[in-house]
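Take a look at the letters that make up each chain.
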Amino acid sequence: MENRLSTWALNISPSPTLAVDAKAKALKAAGKDVCGFGAGEPDFDTPQFIKDACVKALAEGKTKYIPAPGLLELRTALADYYIGKKGLKNIDFSNIIVSPGGKFSCYLAIMAAISPNDEVIIPAPYWVSYPEMVKLAGGKPVFVYAGDESDFKITPAILETALTEKTKMVILTSPSNPTGAVYTREELKAIVDFAAKHDIYILSDEIYESLVYDGVEAVSPASISEDAQSRVIITAGFSKSYAMTGWRLGTICAPDDIAKAVAKLQSQTCSNATTFAQYGALEAMKRPDLAKEALEKMLVAFDRRRLMFYNGLNSIKGISCRRPKGAFYVFPNISSFGMGSVDFCSKLLDEELVAVVPGSAFGSEPNIRFSYAVSEETIEKGLERLARFCSKL
Ligand SMILES: *Cc1c(COP(=O)(O)O)cnc(C)c1O
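Residues numbered from 1 in each chain as written. Predicted model: local features only at pLDDT ≥ 70, side-chain atom pairs only at ≥ 80, totals over all residues. Heavy atoms only, no water.

The name that an unreviewed UniProt entry assigns to the protein chain is Aminotransferase, with the source organism given as Intestinicryptomonas porci. According to the UniProt record, the Cofactor (unreviewed entry) comment for the protein chain reads "pyridoxal 5'-phosphate". As recorded by UniProt, the Sequence similarities (unreviewed entry) comment attached to the protein chain reads in full: "Belongs to the class-I pyridoxal-phosphate-dependent aminotransferase family." (UniProt positions renumbered as here; feature names shortened; annotations may be inferred.)

Asker: Explain the domain arrangement of the protein chain residue by residue, including any values.
Answerer: Once the domains are mapped, the protein chain shows domain 1 (7–45 + 291–391) and domain 2 (64–287). A straight line from the C-alpha centre of domain 1 to that of domain 2 covers 25 Å. Across the contact, 37 residues belong to domain 1 and 35 residues belong to domain 2. In total, domain 1 and domain 2 occlude about 3000 Å² of area from one another, counting both sides; carbon and sulfur atoms represent 58% of this. On the domain 1 side of the interface with domain 2, the three residues burying the most area are R322, K325 and F362, jointly 21% of the side's total. Scanning the region where domain 1 abuts domain 2 turns up four salt bridges. Here K325 makes a salt bridge to D214, at a shortest N to O gap of 3.2 Å. Where domain 1 packs against domain 2, one counts 19 residue pairs in polar contact (both at pLDDT 80 or more). Put simply, the parts of the chain that give the side of domain 1 that touches domain 2 at least two residues each are helix 1 (7–11), helix 2 (16–29) and helix 12 (288–314). (Domains from an automatic or database assignment. Contact = heavy atoms within 4.5 Å. Buried area = accessible area lost by both parts, 1.4 Å probe. Salt bridge = Lys/Arg side-chain N within 4 Å of Asp/Glu carboxyl O. Polar contact = N/O pair within 3.5 Å; in protein donor to acceptor, adjacent residues only side chain to side chain. Helix = DSSP H or I, 4+ residues; strand = E, 2+ residues; numbered from the N terminus.)

Spelled out as structure tokens, the structure:
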């Protein structure tokens, strides 16, 4: 056979963040005292009341197929959430799809809107999966950049530089992985106006919507106007807000035509997300009091670690770090050392057993990403080792 592998298989790159995590875990398994900051998931367990609801569903035999777009009660609860908490209007369960993970939600949204040769503007630093997903849809990722000096946030003027006749979508992630930046309502309004003027979609990845600090609010661009709601596709899920990464439950909230297309795509690829897992998620939506209590606990811990990192990194000579406002990452700038982010990270792992992800994985060479979904002891130890490492450069 001449072409054993498809162009899709040949064109896609493996996830660099999972690779760092795997290398750190392998060193740990070999008995090394590694400080691993590669993880992209909360280090908390799923709240017990959510687990209980899932176990109950299993015991009751909720083990069969359900309609592909998800449990009707869960979709209805999510629609109510978007209306009540996020300020969307005139939507119902039919605008909501429950998918097997926030990542798959992004993929379905892109597959529903992007045709071969369509261009998608991806602001860097970006989450590693977007460019690969756009390529899988036959589309072309077009990158724009907003670094430390602009708080990692793009503006219409920056988007303008990448705009062509073929532009069909721009992807926004707020709060952001890897930068922790959160867009304000005013900043989003400017971007929404730009999207309206040029008639393009906004894919708004809101997976970190609940993880915000310093009193900031995670606003959805869909809530800005009726027109915005007609062109914003919201992807989110239960992984980060409820510490449910392994449950594989994502969501999509989209205009009618996109929601229908997503449901169709899902029905022909994976059918419904795991049935009994959706009963756990339903309980999370039905008991906002309990969910909030669990979330608050997680937020208090994340916030302490965030400030530890922010202060600790900025006290190391040669490193500067913006104050992240959301998610659980810090994205310091290491460019003063005059070496690339990949070299910096591999040297740091070799010499000090500290595992971090190079910024180049996210399209931002001057930075490196630390996850603070780890214990305070690990952060303390990691900062000490990093300081020693930097003092020798
Ligand atoms: C973690 C993450 C997701 C989705 O995670 P799932 O585990 O698939 O639910 C989506 N977008 C970003 C930016 C993420 O960091």
